[in-house]
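# Summary of structural features
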Amino acid sequence: MMDTRKEPSFGSALGLLAVIFFIFATGIGLLNYPVEFTLICITIVTCFYARYYGGSWADVMKSLVGKIKDAVPAILILLSIGMLIGCWMVSGTIPLMVHYGLAAINPAYLYLTAFLVTVCISTFTGTSWGTAGTIGVALRRSPRRWTCLCRLPPER
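Residues numbered from 1 in each chain as written. Predicted model: local features only at pLDDT ≥ 70, side-chain atom pairs only at ≥ 80, totals over all residues. Heavy atoms only, no water.

### Brief notes about the packing of helix α1 (residues 10-30) against helix α2 (residues 35-52)
At a minimum axis separation of 9 Å, α1 and α2 run at an interaxial angle of 160 degrees. Looking at the two axes, α1 sits roughly antiparallel to α2. Relative to α2, α1 is oriented so that their crossing is right-handed. For the pair formed by α1 and α2, the contact residues are Ser12, Ala13, Leu16, Val19, Ile20, Ile23, Phe24, Gly27 and Ile28 on the first element and Val35, Thr38, Leu39, Cys41, Ile42, Val45, Thr46 and Tyr49 on the second. In the contact of α1 with α2, the residues fall into 13 nonpolar, four polar and no charged. (Axes fitted to C-alpha atoms, helices over the stretch in contact; angles between N-to-C directions. Helix = DSSP H or I, 4+ residues; strand = E, 2+ residues; numbered from the N terminus. Parallel < 35°, antiparallel > 145°, perpendicular 65-115°, else oblique. Left-handed = near helix turned anticlockwise from the far one by under 90°. Contact = heavy atoms within 4.5 Å. Nonpolar A, V, L, I, M, F, W, Y, C, P; charged D, E, K, R; others polar.)

Listed below in structure tokens is the structure:
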């Protein structure tokens, strides 16, 4: 059986990227379509591109399934981090950290303390996303609140 695959040129690949960018910018930016619909349209265009250059439908599907299979662990991690953040918010852990954190942290050393706390928590839990969603929320305070704690005049 003869292989009918052609190698796309650099200009052709660049043209595909331009079409993908155009569809994405038009779908999301101008027409306000959902991201999912826009990505499905881009996938269809890319499948036709692959077919034009000799890729079989089985090859396209095999590649698609392989990419989804590679993404499943990351998706599961993000889902579990989302559940952790939600549980901590509902149970009051994050508000409690904010309450005690405001009492314990000297506002003059806020940036250093925030850095060291997030480094420790992300090292202990093994997730920077979870740290940003939990400890990051706890350390994020409005400048007016920190100004009151520092006894400085408020910004205008």
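### Quick notes on unusual backbone geometry
Positive phi is not limited to glycine here, since asparagine 32 has a value of about 55 degrees. Mapped onto the fold, asparagine 32 is located in the loop between α1 and α2. Taking relative accessible area as the criterion, asparagine 32 reaches 62% and is therefore assigned exposed. (Buried < 20%, exposed > 50% of the residue type's maximum accessible area, 1.4 Å probe, protein only.)

### Quick look at the packing of aromatic side chains
Applying the stated criterion across every chain, the model contains three aromatic pairs. A ring pair is formed by tyrosine 33 and phenylalanine 37, whose centres lie 5.3 Å apart and whose planes are at 80 degrees; its orientation type is edge-to-face. Using a relative accessible area of 39% as the deciding quantity, one classes tyrosine 33 as partly exposed. With 5.1 Å between their ring centres and 90 degrees between their planes, tyrosine 52 and tyrosine 53 make a pair best called edge-to-face. Here tyrosine 52 falls in the exposed class, since its relative accessible area comes to 57%. Assessed through its relative accessible area of 16%, tyrosine 53 is described here as buried. Lysine 6 extends its terminal NZ or CZ atom over the ring of tyrosine 52, reaching a point 4.6 Å from the ring centre. (Phe/Tyr/Trp six-rings, centres within 6.5 Å; stacked < 30°, edge-to-face > 60°. Lys NZ or Arg CZ within 6 Å of the ring centre and 35° of its normal.)

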